Amino acid sequence: MDEKYLDLLAKKYDSEEEVATEIIHLESILDLPKGTEHFVSDLHGEYQAFQHVLRNGSGNVKMKIADVFKGELSEAEINEFATLIYYPEEKIKLVKSTFTSKEELREWYEKTIARMLRLISRSSSKYTRSKIRKALPQQFVYIVEELLYKKDEVEDKKEYYEKILERTIAFGQADKLIIGLAYTTQRLVVDHLHVVGDIYDRGPDPHKIMDTLINYHSLDIQWGNHDVLWIGAYAGSKVCLANIIRICARYNNLDIIEDAYGINLRPLLNLAEKHYGDNPPFRPKRTDDDQLSEQEQLQITKIHQAIAIIQFKLESPIIKRRPCLHMEDRLLLERVDYGKNEVTIHGKTYPIENGCFATVDADDPSALLDEEQQVIDKLLFSVQHSEKLTRHMNFLMKKGSLYLKYNGNLLIHGCIPLEEDGSMKEMDIEGKVYAGRELLDVFERYVRDSFARPEETDDFATDMIWYLWTGENSSLFGKREMTTFERYFIRDKATHKERKNPYYSLREDENMCRRMLEEFELDPEQGRIINGHTPVKEIDGEDPIKAEGKMIVIDGGFSKAYQSTTGIAGYTLLYNSYGMQLVAHQHFNSKEDVLTKETDVLSVKRLVNEELVRKKVRETNNGEKLKQDIESLHRLREHRYMT
C-alpha cells in the first residue's frame, strides 16, 4: 500500500487504540442486516405521485406500523397513524381541529410521541447509533435520544423522562417534534433509493423532483432517454434542446422551461406567431386539470410547430456529417415533394396532412432561417446560463450513469442492444466495434465528454448524445427509428410503428438474462436485471416479473399519459435483507385525498424471492467498501504500531 496514503490515514487515527476501535466498529457493521433498497422508475415529472411513494416507502412505512402495533391498533388507527407519518404538517392541523380541550390535545401528543418513538426504535434496529443520530431531527437530538433509549424498568429516571416530555409539550414544541420524528421514520425505512431513469418530460414538475432528490439522504440514478435529452441540451446539443421544448409544448408544460428554469421563450413565440397558425396535431395534450384559454392553446400550437420544424432541420446536418450512425432514412425533409405535398419513406409515398413547412426552403430543406438560427442560439445561451438547471444537470451527472451494478443486480433504464439470435448487437464508432457492456461504457464516455465541454455544439460527443435519444443501437431508445415526423404528418398509422430491439422479447428468456448478467460480470445465479423504460400493460395480462424472476420491469407508470393503456400506475420494488417485493400502485389522485380519506394507492405486494439466510451488509456494495477500509486500517496498524 502507498506510504503517502498510510501517512494520511495516520493523521486521522493517530493512536493504536483509535485504529483498533475503528476496525472493531467497521467489522461489526458488516454483520448488520442490509438496509432496504427502494427502486422507482419513469417518474416523468409527476412530483405529487412520486412524493407520496417516497413518503410511504412503497408501503414500507405502513408495514412497519402494522408490525410494531399488531393487535394494538385497528386498521383505521393504522391508516390514521400512517397518514401522520406521510404528511405530518397537514395531518397535525386536521387532528388538532377536532379537539375541544387542551387536555385532549396533551393526551394525543403523549400517545403519538410514544408511538412514534416505538416505530423509530423498530425501524432503526439494523442501524448503528451514529447513523440513527444523523437521521434524527437535529434540533431535538438530545430529547429524542434520551426518550428513544430509555429503560422503563429503571425507576430512578422515570420522573426525568416524564419531565422531558411534559416540558416539550408545555413549551409548544410538540408539533415540531412529531414532524421531525415523521421525517426520521421516512428516512429510516428506506436506506437507499434507486431512480431507474426518466425523471423528465410529460409531467409538470420534474424540477421539484430534482430538488427532492438533491436533498435525499442516499441515492443513485440510472439515466433514462428523457434525462439524457436534457443533459444533451445543457451540454450544447441544439437538436436535443429543440426536442425538450417540443415535448414540453406537446404536453402543455412550457412552464417548466419559462417559470421553473427561467428560459425566455418570447423570441420563439414571436417566430411562431409570424409563420404558423392553428394545426390539430400540434395542439397541446390536455388533462382534466388544464385551464387553457383558446388564445393560450393557439400560442402553444404555434410554438409546437415552430420548434418541431427547427428540430427536423437540425437533425439533417448531424445525419450527414456522421455516416457511421446510418440514419440517412431520417432525412425526411429532403424526401418531401413540396409541390405535391407528399413524402417518400422507405420507398413508399404518402400524402402529407396538416403540413407546416412555411419556413422550409424546398431547395435546401435543412437550412435554418436567420431568425430560426437566432432563436435556437438564444435558447441555448439561456439554458446554459440557468442557475437552477445548471445545479440539476450537475447533480444528474454526479449521481447518474447509464447502468449500475449494485448488490449483485444490474440496474438499467432501457435495454442492452441485441440481435435476433441473442448475440450482443455491434456498432462501429469511429473505426472501432463495440457491443454489450463495452457499447454502454463508450456511450457514457461520450455523454461525460460532451458535458465537460458545453461550448462545443457540433462535436462527435455531442452528436452522440442525440443518437442516444433516437438511434437504432442506443441502449436508451431501443427501437429501429423514432417516427416523430410520421406521427405529425401521415395518417397511415403503420408508419407510426417503432419496431423494438429484440431485447424486449428476449428478456422473457431466463438463459438470455443469465447471459446478459454474465456480460456485466454479475453472478447469473444470484443476480437480477432491474429494468425501467417500458410500461407494463397489466391490463393485457403482462407480467412485470419475467424470465423466472431474473428480469423485473418496474416502469413506475407515474405518467398519466400511460395509465389508460397499462391499467395501473406502475410498479416499484423493495429489496431488504429478507428478499424482494414488487409493489403495484393504483392511480394517485391527490395529497388531500390521502389526508381526508386516509387511503393509500398501494395494491398488492408480490414476492419476487425470499432469502433463506438473511442478507448482511458484508454481502453488499457498501460491505465491499468497508472491507477495503478495514484492510487499510490493518495495514496501518501493522505498519505503525506492530513494528
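Definitions and limits used
- Residues numbered from 1 in each chain as written.
- Predicted model: local features only at pLDDT ≥ 70, side-chain atom pairs only at ≥ 80, totals over all residues.
- Heavy atoms only, no water.
- Helix = DSSP H or I, 4+ residues; strand = E, 2+ residues; numbered from the N terminus.
- Rg over C-alpha atoms; globule rule 2.2 N^0.38 Å.
- Contact = heavy atoms within 4.5 Å.
- Areas by Shrake-Rupley, 256 points an atom, 1.4 Å probe, with all protein chains shown as cover.
- Buried < 20%, exposed > 50% of the residue type's maximum accessible area, 1.4 Å probe, protein only.
- Pairing = 2+ DSSP bridges.
- Arc of directions from axis to C-beta.
- Core = buried A, V, L, I, M, F, W, Y, C linked by side-chain atoms within 4.5 Å.
- Salt bridge = Lys/Arg side-chain N within 4 Å of Asp/Glu carboxyl O.
- Phe/Tyr/Trp six-rings, centres within 6.5 Å; stacked < 30°, edge-to-face > 60°.
- Lys NZ or Arg CZ within 6 Å of the ring centre and 35° of its normal.
- Lys, Arg positive; Asp, Glu negative; His and termini not counted.
- Axes fitted to C-alpha atoms, helices over the stretch in contact; angles between N-to-C directions.
- Parallel < 35°, antiparallel > 145°, perpendicular 65-115°, else oblique.
- Left-handed = near helix turned anticlockwise from the far one by under 90°.
- Nonpolar A, V, L, I, M, F, W, Y, C, P; charged D, E, K, R; others polar.
- Polar contact = N/O pair within 3.5 Å; in protein donor to acceptor, adjacent residues only side chain to side chain.

Further remarks concern the overall build of the protein chain. A count of helices and strands for the protein chain gives 27 helices and 17 strands. Computed over C-alpha atoms, the radius of gyration of the protein chain comes to 28 Å, within 12% of the 26 Å expected from 2.2 N^0.38 for 643 residues, which places it in the range of a compact globule. The principal-axis extents of the C-alpha atoms in the protein chain amount to approximately 95 × 70 × 45 Å. Of the contacts formed within the protein chain by residues at least 6 apart in sequence, a portion of 73% connects residues at least 24 apart. Approximately 28700 Å² of the protein chain is accessible, and the part contributed by carbon and sulfur atoms is 46%.

In this section: unusual backbone geometry. Of note, the phi angle at R202 is positive, near 80°, even though the residue is not glycine. Structurally, R202 can be placed in the loop between β2 (192-195) and α12 (206-214). In this model, N341 sits at a positive phi of 60°, which is unusual for a non-glycine residue.

The two faces of strand β1 (residues 37-40) match: E37 and F39 on one face and H38 and V40 on the other face are all buried. In the sheet, β1 pairs with β2 via four bridges, with the strands oriented parallel. Note that in β2 the partner of H38 across the bridge is L193. Summarising the sheet, β1 and strand β15 (residues 571-576) pair through three bridges and their orientation is antiparallel. Note that in β15 the partner of E37 across the bridge is Y575.

Moving on, we come to helix α16 (residues 266-275). Along an α-helix, residues three or four apart share an orientation, since each turn contains 3.6 residues. When we look at burial in α16, the residues that qualify are L268, L269, L271 and A272. Axial view of α16: buried residues confined to an arc of 160°, hence all on one face. Each element contacted by the buried residues of α16 is listed here: α14 (238-250), α17 (294-321) and α18 (370-384).

Turning next to the nonpolar core. Formed by 194 residues in total, the largest nonpolar core has its most connected members in I199, L213, W230, I245, I429, Y503 and M516. In terms of residue count, the dominant contributor to this core is α17 (11 residues). Apart from the residues lying within four places of it in its own chain, the contact partners of I199 are L43, H44, G45, P206, I209, M210, L213, I221, D227 and L396. Counting residues in hydrophobic clusters, the runner-up holds 14 residues, among them V19, L26, L626 and I630.

Now for the pattern of salt bridges. Taken as a whole, this structure holds 45 salt bridges when the rule is applied. Linking R437 and D441 is a salt bridge whose minimum nitrogen-to-oxygen distance equals 3.8 Å. One end of the pair is R437 and the other is D441, both in helix α20 (residues 436-452) and four residues apart, which spans about a single turn. Given the relative accessible area of 21%, R437 is considered partly exposed. For D441, a relative accessible area of 34% gives the class partly exposed. A network of salt bridges, in which partner residues are shared, links D329, R335, E419, K425, E472 and R480.

Two aromatic rings are characterised by how far apart their centres lie and by the angle between their planes. Per the counting criterion, the structure on display carries 21 aromatic pairs. Ring geometry for Y403 versus F520: centroids 4.8 Å apart, planes at 75°, classification edge-to-face. With Y403 in strand β8 (residues 403-406) and F520 in the loop between α24 (510-519) and β12 (529-531), this pair connects stretches of sequence that are 117 residues apart. Both residues of the pair, Y403 and F520, count as buried. Ring centres 6.1 Å apart and planes at 55° place the aromatic pair Y488 and F489 in the tilted group. Residue Y488 shares its accessibility class with F489, and that shared class is buried. One residue, R129, lies across the ring of Y149, its end atom 3.8 Å from the ring centre. Just above the ring of Y446 sits the side chain of R445; from NZ or CZ to the centre is 5.1 Å.

This part is about helix α9 (residues 141-148). Of all eight residues that make up α9, six are buried, and the element is covered over most of its length. For α9, the complete set of buried residues consists of V141, I143, V144, E145, L147 and L148. Buried positions along α9 lie against α7 (102-123), α8 (129-135), α10 (158-170) and α11 (174-189).

Tracing the backbone shows E315 in helix α17. Despite being buried, E315 has no salt bridge partner; R330 is the closest side chain of opposite charge, sitting 6.1 Å away.

On the basis of which strands lie adjacent, the open sheet formed by three strands has the order β4-β5-β6 and antiparallel pairing. Since the sheet does not close on itself, it has two edges, and those belong to β4 (336-337) and β6 (348-351), each with one partner. Of the pairings in the sheet, the one linking strand β5 (residues 342-345) to β6 comprises four bridges and is antiparallel in character. When the bridges of β6 are listed, I345 appears paired with K348.

What follows deals with the packing of α20 against helix α21 (residues 460-470). As a packed pair, α20 and α21 sit with axes 8 Å apart at the nearest point and diverge in direction by 125°. Between α20 and α21, the interaxial angle falls into the category oblique. Crossing hand, α20 versus α21: left-handed. Side by side, α20 and α21 meet where F443, Y446, V447, D449 and S450 of the first sit next to F460, A461, T462, M464, I465, Y467 and L468 of the second. In terms of residue class, the contact of α20 with α21 is made up of nine nonpolar, two polar and one charged.

One open sheet holds the five strands; their spatial order is β8-β9-β12-β14-β13, and the pairing between them is mixed. For this open sheet the edge positions go to β8 and β13 (545-546), each flanked by a neighbour on one side alone. Sheet analysis places β8 next to strand β9 (residues 409-412), joined by four bridges and oriented antiparallel. In the sheet register, K405 faces β9, and the bridge partner there is L410. Along the sheet, α20 makes contact with β8 and β9, crossing β8 at roughly 120°.

Attention shifts here to the environment of E80. Relative to the helices and strands, E80 is located in helix α5 (residues 75-86). Residue E80 is classed as partly exposed on the basis of its relative accessible area of 34%. Setting aside residues up to four positions removed in sequence, E80 forms contacts with K91, V95 and E598.

Turning our attention to the environment of K302. As for its position among the elements, K302 is in helix α17. Taking the C-alpha atoms as reference points, K302 and L271, 31 residues apart in sequence, are found 8.9 Å from one another. Residue contacts for K302: discarding those within four places in its chain leaves A272, E273, Y276 and G277. At 2.8 Å, the side chain of K302 forms a polar contact with the side chain of E273.

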